[in-house]
Amino acid sequence: PAIAQVRQSFGASDTSINATISLYVFIMGLAPLLWASLSECHGRRAIYILSTLLYVLSTVGCALSASVSPFIVFRAFQATGASAAQAVGAGTITDLFDVHERGNAMGLFLLGPLVGPLVGPITGGLINEFFDWRYIFWFLTLMGGIIFLCILFFLPETSTIILRKRAQSKKEETVHEPEVQESRWKSMGRPFKFIIKPVVALATTPYTFAYGFMYFVIASLPHQLASRYNFASYQIGLAYLANGAGNALGALISGKLSDRALRKPEDPVDRLPELRLSPIWIGIIILPIGELMYGWCLDFNIHVSASLTGLFLLGLGVGFVQTPSNTYIVDSYQSHSASVMSAANLLRCISAGVTPLIAPTSIEKIGNGWSMTIMAALSILSGICVFCVQRYGAKWRQKDCNKS
């Protein structure tokens, strides 16, 4: 909601301001590759503390920036700090929950990044309407500081590797066997190996598409609502409720359905991770409906409630695609859950970083309706990837297991 005010304050172009969004998202995809490997070597708690501190300091820098150049730099560091929880959090879920509970737990965990698009624009819109855009970053600094203190005093270490090492170090043993330490470079390169695995690449494709299409809408929404419906800044913030509510609802419901699908076979041997992917089909149906409804209602200037209903359905579809996809890849590679999650995060953030850059040109040339029609077609076609993983995923995972 404050994009226009930030642009005016710095005297910057639309392209440069949109570039800050894309840069933020790109780094949110790249930085977890580092955080994930470090968390598997040094534990979750240390990474949470370091990344949150970096986020707080860089957010202060954003608030104090006098021009667009340092603002972009501080936004890059802010994204680096904010990105850790996405990958490391998946590792924490694996540490704490059994496989049959993981879908629901992952759905609750993903409410964090999904509630952001719900609460953030509302709070930011109100702050920007009655104060100044810089106060948004001071508010984020306060929230980040509170989270940092909570982590520092209340969050224990959960990594089984680190806890096992600590337990062994306390034992007095007469014979000490040499411990084999994994190469740091090998650990940092692991997420890139996951990206090229068919199980990971195909299972995350529907969510990669959906996340990018959502950012296409999020980046262009303020201009669309202001120009077509004369919305003020705080009204634009409230409009994001539709997308955020759909996201949160979809993530929660699909997480529960994912766990239920896994528990359905009576024989535990038949409870394959591929069963978790069934709820994605609901999202692949809902997502194109939301995209088409949102795009064409805007182009035909239908009442804003119709456009926001489409936005809600779009968010609901994204939520239904997200939770089963993430939980499936974590279940498939439990011993390296943070790394595989960071690989998936990179793919979706690349998609979400590109779409805001092409949104202005696409909407100007062919309009919202045809832009969203193309995205709806791609969303439907992504179902092919789900079908392939459900049919061949077990064989691919077994092949990986035999290699390792």
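Residues numbered from 1 in each chain as written. Predicted model: local features only at pLDDT ≥ 70, side-chain atom pairs only at ≥ 80, totals over all residues. Heavy atoms only, no water.

**Student:** Got a sec to walk through the packing of aromatic side chains? Specific residues and values, please.
**Tutor:** Considering all chains together, one arrives at 14 aromatic pairs under this definition. A ring pair is formed by Phe10 and Trp133, whose centres lie 5.4 Å apart and whose planes are at 70°; its orientation type is edge-to-face. Within this pair, whereas Phe10 is found in helix α1 (residues 3-10), its partner Trp133 is found in helix α8 (residues 133-154), the two being separated by 123 residues in sequence. Trp133 matches Phe10 in its accessibility class, with the two residues each being buried. Measuring from centroid to centroid gives 5.7 Å for Phe71 and Phe137, while their planes differ by 90°, and the two rings are edge-to-face. Of the two residues, Phe71 sits in helix α4 (residues 68-82) while Phe137 sits in helix α8, which places them 66 residues apart along the sequence. A residue is classified by how much of its surface remains accessible, and Phe71, at 4% relative accessible area, is buried. Overall, the relative accessible area of 8% leaves Phe137 in the buried class. (Phe/Tyr/Trp six-rings, centres within 6.5 Å; stacked < 30°, edge-to-face > 60°. Helix = DSSP H or I, 4+ residues; strand = E, 2+ residues; numbered from the N terminus. Buried < 20%, exposed > 50% of the residue type's maximum accessible area, 1.4 Å probe, protein only.)

**Student:** So, the packing of helix α11 (residues 198-229) against helix α12 (residues 233-263): which residues are in play, and what are the values?
**Tutor:** Axis separation between α11 and α12 bottoms out at 10 Å; the angle between their running directions is 155°. Here α11 is positioned roughly antiparallel relative to α12, judged by the angle of their axes. Like other packed secondary-structure pairs, α11 and α12 cross with a definite hand, here right-handed. Touching Met214, Ile218, Leu221, Pro222, Leu225 and Ala226 of α11 are Ile236, Ala239, Tyr240, Asn243 and Asn247, all from α12. (Axes fitted to C-alpha atoms, helices over the stretch in contact; angles between N-to-C directions. Parallel < 35°, antiparallel > 145°, perpendicular 65-115°, else oblique. Left-handed = near helix turned anticlockwise from the far one by under 90°. Contact = heavy atoms within 4.5 Å.)

**Student:** Now, about the packing of helix α13 (residues 280-299) against helix α14 (residues 304-332): what can you tell me, with residues and values included?
**Tutor:** Running from N to C, α13 and α14 point in directions that differ by 155°, and their axes come no closer than 7 Å. Considered as vectors, α13 and α14 are oriented roughly antiparallel to each other. In this structure, α13 crosses over α14, and the sense of that crossing is left-handed.

**Student:** Account for the confidence of the model for the protein chain, with residues named and values stated.
**Tutor:** Confidence in the prediction of the protein chain, expressed as mean pLDDT, is 85, and 90% of residues score 70 or more. Mean pLDDT per element in the protein chain: helix α9 (residues 160-170) is the minimum at 62, and α13 is the maximum at 95. (pLDDT = per-residue confidence, 0-100.)

**Student:** Please provide a residue-by-residue account of a nonpolar patch on the surface, values included.
**Tutor:** Taken together, the side chains of Leu64, Leu126, Phe130, Phe131, Tyr135, Trp138, Tyr234, Leu238 and Leu241 make up a nonpolar region of the molecular surface, amounting to roughly 940 Å² of accessible area. Broken down by secondary-structure element, the contributors of at least two residues to the nonpolar patch are α7 (111-130), α8 and α12. Of all the elements, α12 adds the most residues to the nonpolar patch, at three residues. Considering the arrangement of structural elements, one finds Leu238 in helix α12. Take Leu238: its relative accessible area is 40%, and that puts it in the partly exposed class. (Patch = residues over 30% accessible without salt bridge, like charges linked within 9 Å, V, L, I, M, F, W, Y side chains within 5 Å. Areas by Shrake-Rupley, 256 points an atom, 1.4 Å probe, with all protein chains shown as cover. Salt bridge = Lys/Arg side-chain N within 4 Å of Asp/Glu carboxyl O.)

**Student:** Before we move on, could you go through α14 and cite the residues and values that matter?
**Tutor:** An ideal rise of 1.5 Å per residue puts 42 Å on 29 residues; α14 measures up with 43 Å between its terminal C-alpha atoms. Counting buried residues along α14, 24 of its 29 residues qualify, which places the element largely inside the surrounding structure. (Expected span 1.5 Å × (residues − 1).)

**Student:** How would you sum up the pattern of salt bridges? Please name residues and give values.
**Tutor:** Taken as a whole and judged by the stated rule, the model has five salt bridges. Between Asp259 and Arg276 there is a salt bridge, and its shortest N-O distance comes to 2.8 Å. With Asp259 in helix α12 and Arg276 in the loop between α12 and α13, this pair connects stretches of sequence that are 17 residues apart. Each member of the pair Asp259 and Arg276 is classed as buried. We note a salt bridge from Glu274 to Arg397, for which the minimum N-O separation is 2.7 Å. On the criterion of sequence distance, the pair formed by Glu274 in the loop between α12 and α13 and Arg397 in helix α16 (residues 383-403) is long-range, its members being 123 residues apart. A residue is classified by how much of its surface remains accessible, and Arg397, at 19% relative accessible area, is buried. Each member of the salt-bridge network shares a partner with another, and the members are Asp259, Arg276 and Asp331.

**Student:** Outline unusual backbone geometry, supporting the account with residue identities and numerical values.
**Tutor:** The backbone of Asn230 shows a phi angle near 55°, a positive value even though the residue is not glycine. The backbone phi angle of Asn301 is positive, close to 55°, even though this residue is not glycine. For Asn301, the position within the fold is in the loop between α13 and α14. Residue classification places Asn301 among the exposed residues on the basis of a relative accessible area of 52%.

**Student:** Help me get a handle on the environment of Thr52, residues and values and all.
**Tutor:** Within the secondary structure, Thr52 sits in helix α3 (residues 44-64). Given a relative accessible area of 11%, Thr52 falls into the buried group. When the C-alpha positions of Thr52 and Gly144 are compared, they lie 6.9 Å apart, and in sequence the two are 92 residues distant. Excluding residues that lie within four positions of it along the chain, Thr52 makes contacts with Gly144, Ile147, Phe148 and Ile151.

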